[in-house]
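This is what each chain is made of:
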Amino acid sequence: MKMKIGIVCYPTFGGSGVLATELGIALSDKGYEVHFITYEQPVRLNQAFHPNIYFHEVKVPTYPLFDFPPYETALASAMVNVIVNQNLDILHLHYAIPHASAAYFARQILKKTGRDIPFITTLHGTDITLVGRDPTYAPVVTFSINESDAITAVSENLKQETLRSFKIEKDIHVIPNFVDIKRFHQTDKEHFKQMLAPDGERILVHVSNFRAVKRVKDVIKIFEKIRQEVPSKLLMIGDGPDRQASEDLARSLGVYDDVRFLGKQEQISEILSIADLFILPSETESFGLSALEAMACSVPLISTNAGGLPEINIEGETGYLSDVGDIASMSQHAIHILSNDDRLQHFKKAAIAQARHFEKQRIIPMYEKLYCEVIAAYKLEKEAV
Ligand code: GMT
């Protein structure tokens, strides 16, 4: 019998929500019944209809007394209802806060009736490296991660960071992010390239949620230096708190006319198909899913060496890694790749070859195996009580 899996995630453009949605789609394609529990339809779900996927919207009623409507309480209640009514076998939480603590709460409620099920927490990055470590959240994060029946991290680096930052009493399984190469691959979009770069300029791309951790202003600074040596255009995809500041910087550096701020986009692979280089100068990055999707579309990568980025970007092969904030190094490396056609083709080939190591067919079975093990162990534990 195929498992019924509940997935809890942030439905927004952030990497954890994207990965959780891609996982749900991949599992549903394999015949599993997948139930998303979140406050909005996850962005990547609305690109096609998937008959094995169900979406349960968490509603958070407001009340004049509430300055902060209690999402976690509403989420725990939704988990209880979906687990019981849909007869779920396992719950998979993406991003620890507040999903893991809500799942713990839901399970305590369900234990009263014997309908409790195991839950797995996948750590994605800022839930550990930025937010989770904050003393405001740390005790609850530590407790609920430890109460998970299994813990996964998206890179070896994130696993080590988690062990350094929290007192974790369980093994952490590293299951890296993955990409669906059937959907993310280079397609012929020459007409599109002609429109954006009519004189054959190189096309550089950055995709993120424009939060401080992404250092989007560094992208503009790097581009300004590249453009002095190599005719090029920059496409900035996404939106967030630092968008205005990076637009202002592009104006003050005199490069605005060669930069397009396209905002949030759903058809990322079409844009990546015309790109020559992806720029990711993050302060910290547990994995860099956006960079993997770019590599799958044959786009080499200029990144920092922060977090888990060295696990996907191979120095001198798929791109280059520099220290955070080292604009000179990142721009020199970019110029090196872009200034020679043969060299660029070589890097492009290496990028797609590296992406294949993270193809979904290789990674999804790791989750399936873990689900089966966790469900079996939980059943045994319950029988023993
Ligand atoms: O910061 C983001 O880009 C969003 C964040 C999230 O959790 O939504 O992304 C994190 O998870 C992604 C998917 O596992 C990783 O690829 C990103 O590297 C990670 N972001 C950071 O560590 C900053």
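Here the residue numbering is sequential within each chain, running from 1 through the sequence in written order. Thresholds applied to this predicted model are a pLDDT of at least 70 for local features of residues and 80 or more for the giving and counting of side-chain atom pairs; totals over whole chains, interfaces and linings are not thresholded and use all residues. Calculation of side-chain values draws on the structure's entire complement of heavy atoms; hydrogens and water are dropped beforehand.

### Re the overall build of the chain
Phase 1 of the analysis: Helix and strand labels come from DSSP, where a helix needs a run of H or I of at least four residues and a strand needs a run of E of at least two; each type is numbered from the N terminus. Check the secondary structure of the chain and you find 15 helices and 13 strands.
Phase 2 of the analysis: Over its C-alpha trace the chain gives a radius of gyration of 22 Å, about what one expects of a compact globule, namely 21 Å for 385 residues.
Phase 3 of the analysis: Taken along its principal axes, the extent of the C-alpha atoms in the chain is 70 × 45 × 40 Å.
Phase 4 of the analysis: Taking all 385 residues of the chain together, 56% fall into the buried category.
Phase 5 of the analysis: Residue burial considers only the protein chains on display, and all accessible areas are found by Shrake-Rupley using a 1.4 Å probe. When the accessible surface of the chain is summed, it comes to about 16,800 Å², and 51% of that surface belongs to carbon and sulfur atoms. Each radius of gyration is computed over the set of C-alpha atoms, and the globule rule expresses the reference value as 2.2 Å times the number of residues to the power 0.38. Only protein chains enter the area calculation, which uses a 1.4 Å probe; residues under 20% of their type maximum are buried, those over 50% are exposed, and those in between are partly exposed.

### Quick word on the domain arrangement of the chain
Phase 1 of the analysis: Each domain's extent was defined by an automatic or database domain assignment. Each assigned domain of the chain is listed with its residue range as follows: domain 1 (4-178 + 360-384) and domain 2 (190-358).
Phase 2 of the analysis: A separation of 31 Å is found between the C-alpha centroids of domain 1 and domain 2.
Phase 3 of the analysis: Listed by partner, the interface residues are 24 residues for domain 1 and 20 residues for domain 2.
Phase 4 of the analysis: The buried area of a pairing is the accessible area, by a 1.4 Å probe, that goes missing from both parts when the two are put together, added over both. For the pair domain 1 and domain 2, the two sides together bury roughly 1,600 Å², of which 54% comes from carbon and sulfur.
Phase 5 of the analysis: Among the residues of domain 1 in contact with domain 2, Phe13, Asn177 and Arg362 are the three that bury the most area, contributing 30% of the side total.
Phase 6 of the analysis: Any Lys or Arg side-chain nitrogen located within 4 Å of an Asp or Glu carboxyl oxygen qualifies as a salt bridge. Taken together, the connections running from domain 1 to domain 2 amount to one salt bridge.
Phase 7 of the analysis: Glu293 serves as the salt-bridge partner of Arg44, at 2.8 Å between the closest nitrogen and oxygen.
Phase 8 of the analysis: Counted as a polar contact is a pair of N or O atoms within 3.5 Å, where, for protein atoms, one must be capable of donating a hydrogen and the other of accepting one, and residues adjacent in sequence contribute only when both atoms are in side chains. Joining domain 1 to domain 2, the criterion identifies seven residue pairs in polar contact (both at pLDDT 80 or more). It only takes one pair of heavy atoms within 4.5 Å for two residues to be counted as in contact.

### Remarks on the sheet that holds strand S7 (residues 172-174)
Phase 1 of the analysis: Note: two strands are recorded as paired if DSSP finds a minimum of 2 bridges between them. Here we have seven strands laid out as an open sheet, ordered S3-S2-S1-S4-S5-S6-S7, and parallel in their pairing. The strands lining the two open edges of the sheet, one partner per strand, are strand S3 (53-57) and S7. The average angle at which neighbouring strand axes cross in this sheet is 25°, direction not considered.
Phase 2 of the analysis: Relative to strand S2 (residues 33-38), strand S1 (residues 4-8) runs parallel, the two sharing five bridges. Within the sheet, the bridge partner assigned to Gly6 lies in S2 and is His35.
Phase 3 of the analysis: Only the contacting stretch of a helix is used when fitting its axis, a line to C-alpha atoms as for every element, and angles between N-to-C directions run 0 to 180 degrees. Of the strands in this sheet, S1, S2, S3 and strand S4 (90-94) are in contact with helix H2 (residues 71-86), which crosses S2 at around 160°.

### Focus: the sheet that holds strand S10 (residues 259-263)
Phase 1 of the analysis: Ordered by their spatial adjacency, six strands build an open sheet running S10-S9-S8-S11-S12-S13, and the pairing between neighbours is parallel. Strands with a single pairing partner mark the edges of an open sheet, and in this sheet they are S10 and strand S13 (319-322). Going from strand to strand, the sheet's axes swing by 20° on average, the running direction of each strand aside.
Phase 2 of the analysis: Alignment of strand S12 (residues 301-304) against S13, held across four bridges, turns out to be parallel. Bridge pairing in S13 links Leu301 to Gly319.
Phase 3 of the analysis: Each of strand S8 (202-207), strand S9 (232-237), S10 and strand S11 (277-280) touches helix H8 (residues 216-229); the most contacted strand, S9, lies at about 170° to it.

### Description of the pattern of salt bridges
Phase 1 of the analysis: Taken as a whole and judged by the stated rule, the model has 26 salt bridges.
Phase 2 of the analysis: In this structure, Glu283 and Arg215 form a salt bridge, with 3.1 Å as the shortest nitrogen-oxygen distance. Linking Glu283 in the loop between S11 and helix H11 (289-296) with Arg215 in the loop between S8 and H8, this pair joins segments that are 68 residues apart in sequence.
Phase 3 of the analysis: The class for Arg215 is partly exposed, based on a relative accessible area of 26%.
Phase 4 of the analysis: Because the salt bridges share partners, they merge into one network encompassing Glu22, Arg44, Asp180, Arg183, Glu293 and Lys360.

### A short note on the packing of aromatic side chains
Phase 1 of the analysis: Each pair of aromatic rings taken from Phe, Tyr and Trp, with Trp reduced to its six-membered ring, is defined by centres within 6.5 Å and is described as stacked if the planes are under 30 degrees apart, edge-to-face if over 60, and tilted in the remaining cases. On inspection of all chains with the given rule, the structure shows eight aromatic pairs.
Phase 2 of the analysis: Seen in terms of ring centroids, Tyr104 and Phe143 are 4.8 Å apart; in terms of plane orientation they differ by 90°. Their pairing is edge-to-face. One end of the pair, Tyr104, is in helix H3 (residues 96-111); the other, Phe143, is in helix H5 (residues 138-147), with 39 residues separating them in the sequence.
Phase 3 of the analysis: The exposure class of Tyr104 is partly exposed, given its relative accessible area of 22%.
Phase 4 of the analysis: Taking relative accessible area as the criterion, Phe143 reaches 39% and is therefore assigned partly exposed.
Phase 5 of the analysis: A ring has a charge above it when a Lys NZ or an Arg CZ is no more than 6 Å from the ring centre and no more than 35 degrees off the ring normal. Here the guanidinium or amino end of Lys2 rests over the ring plane of Tyr32, the centre of that ring lying 4.6 Å away.
Phase 6 of the analysis: A cation sits over an aromatic face here: Arg251 above Tyr256, 4.3 Å from the ring centre.

### Things to note about the site of the ligand
Phase 1 of the analysis: Neighbouring the ligand are 18 residues; Ser16, His124, Arg211, Lys214 and Glu285 lie closest to it.
Phase 2 of the analysis: Measuring from an oxygen atom of the ligand, one finds a side-chain N or O atom of His124 at 2.6 Å.
Phase 3 of the analysis: Asn177 has a polar side-chain atom sitting 3.0 Å from an oxygen atom of the ligand.
Phase 4 of the analysis: For the ligand, the protein covers 95% of the area, taking 480 Å² as the surface of the free molecule. If a single non-hydrogen atom of a residue is within 4 Å of a molecule or strand, that residue counts as near it.

### Topic: the environment of Gly240
Phase 1 of the analysis: On the secondary structure map, Gly240 appears in the loop between S9 and helix H9 (243-252).
Phase 2 of the analysis: In sequence terms Gly240 and Asn209 are 31 residues apart; their C-alpha atoms lie 5.2 Å from each other.
Phase 3 of the analysis: Among all residues touching Gly240, those that are not within four sequence positions of it are Asn209 and Phe210.

### Some thoughts on the environment of Ala275
Phase 1 of the analysis: With respect to the secondary-structure elements, Ala275 resides in the loop between helix H10 (268-272) and S11.
Phase 2 of the analysis: Separated by 23 residues in the primary sequence, Ala275 and Ser252 place their C-alpha atoms 25 Å from one another.
Phase 3 of the analysis: Excluding its chain neighbours within four sequence positions, the residues that come into contact with Ala275 are Ile203, Val205, Val299 and Lys348.

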